[in-house]
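Understanding the architecture of this molecule
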Amino acid sequence: MQKILNYINGALVEPASKQYIDNVDPSTGKVYSLCPDSDAQDIEAAYKAAEAAFEGWSNTPAEKRSKVMLRIAELLEKNLDKFAEAETIDQGKPLWLSQNGEIPRAISNIHFFATAIEHYASEAHPMGEHAINYTTRTPIGVVGCISPWNLPLYLFTWKIAPAIASGNCVVAKPSEVTPMTAYLLSEICIEAGLPKGVLNIVHGLGPKVGSAMTVHPGIKAISFTGGTRTGAEIARVAAPMFKKLSLELGGKNPNMIFADCDFDKMLTETVRSSFLNQGEICLCGSRIFVERPIYEKFKKAFVEKVKAELVVGDPLDPKTKTGAIVSQMHFDKVLSYIELAKQEGGTILCGGKSIQPTGRCATGWFIEPTVIEGLAYDCRTNQEEIFGPVVTITPFDTEEEVLMMANSTEYGLASVLWTENLTRAHRLAGKIKAGIVWINCWLLRDLRTPFGGVKSSGVGREGGWEALRFFTEAKNVCIKIS
Ligand code: NAD
């Protein structure tokens with residue numbers, strides 16, 4: 001059976017304990033590789049390698065750092081098909097999505113920050129003829145990056161790329177649920193000639209490896225994406241050590257659909273924003289609010305489209321639109337929320353059950369895309385993150401009402417508005433409590449824009465200059481000149 005290895009000090013190595021955990025293909029439910037069960041000893045080795053590399057890497061001109069990162073991006077592109085297949089087997093998403101979404105975006109992340117760093121300049125603030133200030137931005141040192149299982153390589157590279165571009169050395173931990181593509185990336189980093197110790201990837205369980213990173217006094221910043229509860233635990237441990245923290249956490253995003261929207265466009269995008277990647281995207285809209293005059297029309301058309309188009313099955317089959325749920329634990333959690341919705345008085349309009357495909361995937365974890373109506377906006381189903389192929393639909397009568405319902409959860413990551421009324425769109429965009437508002441679109445991403453949420457959806461922003469600022473410290477130098 002294939003063994004995934006840690007990447008420490010430029011080499012692929014076994015965990016100190018020599019212990020491994022099972023890595024499962026969710027489309028079959030079967031173990032297909034082994035993931036290192038690393039611990040604090042491996043984090044210490046990774047930290048030492050990163051610390052030793054820092055002097056050299058932070059003093060390497062940005063142009064040279066950029067060049068080696070661009071080589072990594074090129075090699076990733078050359079191996080796109082291999083990475084896409086690996087991601088699909090590890091995570092359960094359809095192969096076309098890995099080929100056209102996940103892996104191309106990972107390449108873009110690396111390319112984007114490799115080129116951005118060449119344009120990242122210092123600032124100067126002259127004070128008339130008396131004085132001049134200049135502000136430098138220097139890398140922090142050794143930083144930690146921790147990522148989740150839903151978009152494995154996409155979110156992993158979204159963190160490590162700005163961290164190493166800006167001159168830091170990194171100790172990184174991908175999710176133990178989906179470690180494969182981060183492992184394949186470490187092979188590519190070696191081939192590309194990334195100096196040893198600049199990036200170290202330690203695989204293993206969150207409470208062991210992730211918490212060893214959080215408590216390590218030498219790791220000065222943590223960039224984390226994952227669940228709100230884990231984010232709170234990291235903040236609790238890291239805050240008294242004054243670590244810099246970027247926390248990208250859970251969501252329960254509202255879609256607000258007004259009667260004056262472009263119905264056909266809205267319908268197509270709403271199916272996508274509800275169920276892409278099995279609904280396992282932090283930006284998916286899981287609460288759909290529809291203005292009453294078009295509620296019945298929407299309900300009929302939406303349910304018909306979901307039933308007709310979202311073929312559930314083998315992620316490797318090109319016809320599949322909805323793949324496997326990432327793990328047995330997550331599968332059980334999503335099904336338990338469907339049961340809760342029924343207990344809370346919801347009506348299942350379609351889906352609501354697990355599916356057993358025939359053949360290769362007969363033992364995998366699949367759930368039908370599920371649409372539920374008839375629930376109060378403040379019930380648990382409508383307040384807690386499910387993170388699967390489950391959405392609720394709810395009618396509304398006024399702008400005030402939909403805004404109140406949209407803003408009623410503890411989360412505030414993303415939101416979507418569908419209306420052709422420009423004034424209303426801007427008015428609501430200003431009032432929605434979320435870090436991201438999409439108007440008449442969804443998941444349209446420009447990597448320069450700030451990315452992140454408010455309330456329990458997180459602290460800080462990723463993307464563009466925001467990420468480069470996070471991974472650097474500002475120093476102001478003031479010179480009196482007269
Ligand atoms: P998770 O919090 O369980 O795990 C995320 C990562 O943290 C994993 O690598 C895990 O091993 C590690 N971890 C677990 N316990 C830890 C600890 N005590 N200390 C340090 N690290 C620890 O999340 P998940 O189940 O992998 O991912 C799903 C969650 O991620 C959802 O809530 C989703 O909304 C969120 N998410 C948010 C964004 C965003 O950008 N805001 C993007 C994707 C996913």
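These remarks concern the structure in this document. (Residues numbered from 1 in each chain as written. Predicted model: local features only at pLDDT ≥ 70, side-chain atom pairs only at ≥ 80, totals over all residues. Heavy atoms only, no water.)

Points about the packing of aromatic side chains
- Here the structure, examined in full by the defined rule, presents eight aromatic pairs.
- Residues Phe113 and Trp158 carry aromatic rings whose centres are separated by 5.9 Å and whose planes lie at 55 degrees to one another, so their mutual orientation is tilted. On the criterion of sequence distance, the pair formed by Phe113 in helix α4 (residues 95-116) and Trp158 in helix α5 (residues 152-165) is long-range, its members being 45 residues apart. We note that Phe113, like Trp158, is buried. (Phe/Tyr/Trp six-rings, centres within 6.5 Å; stacked < 30°, edge-to-face > 60°. Helix = DSSP H or I, 4+ residues; strand = E, 2+ residues; numbered from the N terminus. Buried < 20%, exposed > 50% of the residue type's maximum accessible area, 1.4 Å probe, protein only.)

Regarding helix α10 (residues 295-309)
- Over its 15 residues, α10 runs 21 Å from end to end, which matches the ideal 21 Å to within 8%, given 1.5 Å per residue.
- All buried positions along α10 are accounted for by Tyr295, Phe298, Lys299, Ala301, Phe302, Val303, Lys305 and Val306.
- Tucked into the core, α10 has its buried residues touching β13 (253-257), α9 (263-275), β14 (285-291), β15 (347-350), β18 (370-373) and β19 (390-396). (Expected span 1.5 Å × (residues − 1). Contact = heavy atoms within 4.5 Å.)

Considering the site of the ligand
- Taken together, 31 residues lie around the ligand, and Ser147, Glu176, Thr230, Leu249 and Glu385 are the ones closest in.
- A distance of 3.3 Å is found between an oxygen atom of the ligand and a backbone nitrogen or oxygen belonging to Gly226.
- Within the contact set of the ligand, an oxygen atom lies 2.5 Å away from a side-chain nitrogen or oxygen of Glu385.
- Burial of the ligand by the surrounding chains reaches 88%, relative to a free accessible area of 850 Å².
- Secondary structure elements with two or more residues in the shell around the ligand: α7 (206-215), β11 (221-225) and α8 (228-238).
- Take the shell around the ligand: its biggest share by element is five residues, from α7.
- Grouping the amino acids of the shell around the ligand by side-chain chemistry returns 13 nonpolar, 13 polar and five charged. (Near = heavy atom within 4 Å. Polar contact = N/O pair within 3.5 Å; in protein donor to acceptor, adjacent residues only side chain to side chain. Areas by Shrake-Rupley, 256 points an atom, 1.4 Å probe, with all protein chains shown as cover. Nonpolar A, V, L, I, M, F, W, Y, C, P; charged D, E, K, R; others polar.)

A few points about the sheet that holds strand β4 (residues 20-25)
- The strand order across the open sheet formed by three strands is β1-β5-β4, and the pairing between neighbours is mixed. A strand with exactly one partner marks an edge of an open sheet, and here the two such strands are β1 (2-3) and β4.
- Note that β4 and strand β5 (residues 30-36) share six bridges and pair antiparallel. Its bridge partner being in β5, Asn23 is matched across the sheet by Ser33. (Pairing = 2+ DSSP bridges.)

Remarks on the packing of α9 against α10
- Viewed as axis vectors pointing N to C, α9 and α10 meet at an angle of 55 degrees, and their least axial separation amounts to 10 Å. Taken as axis vectors, α9 and α10 run oblique relative to one another. Read as a crossing pair, α9 and α10 show a hand that is right-handed. Seen from α9, the contacting residues are Phe263, Met266, Leu267, Thr268, Thr270, Val271, Ser274 and Phe275; seen from α10, they are Lys297, Phe298, Ala301, Phe302, Lys305 and Val306.
- Classifying every residue of the contact of α9 with α10 by side-chain character gives nine nonpolar, three polar and two charged. (Axes fitted to C-alpha atoms, helices over the stretch in contact; angles between N-to-C directions. Parallel < 35°, antiparallel > 145°, perpendicular 65-115°, else oblique. Left-handed = near helix turned anticlockwise from the far one by under 90°.)

A look at the sheet that holds strand β6 (residues 123-127)
- What the three strands build is an open sheet, ordered β6-β7-β25; its pairing is antiparallel. Strand pairing shows two members of the sheet lacking a second neighbour, β6 and β25 (472-480), which therefore form its edges. Recorded for the sheet is a direction-independent mean angle of 20 degrees between the axes of neighbouring strands.

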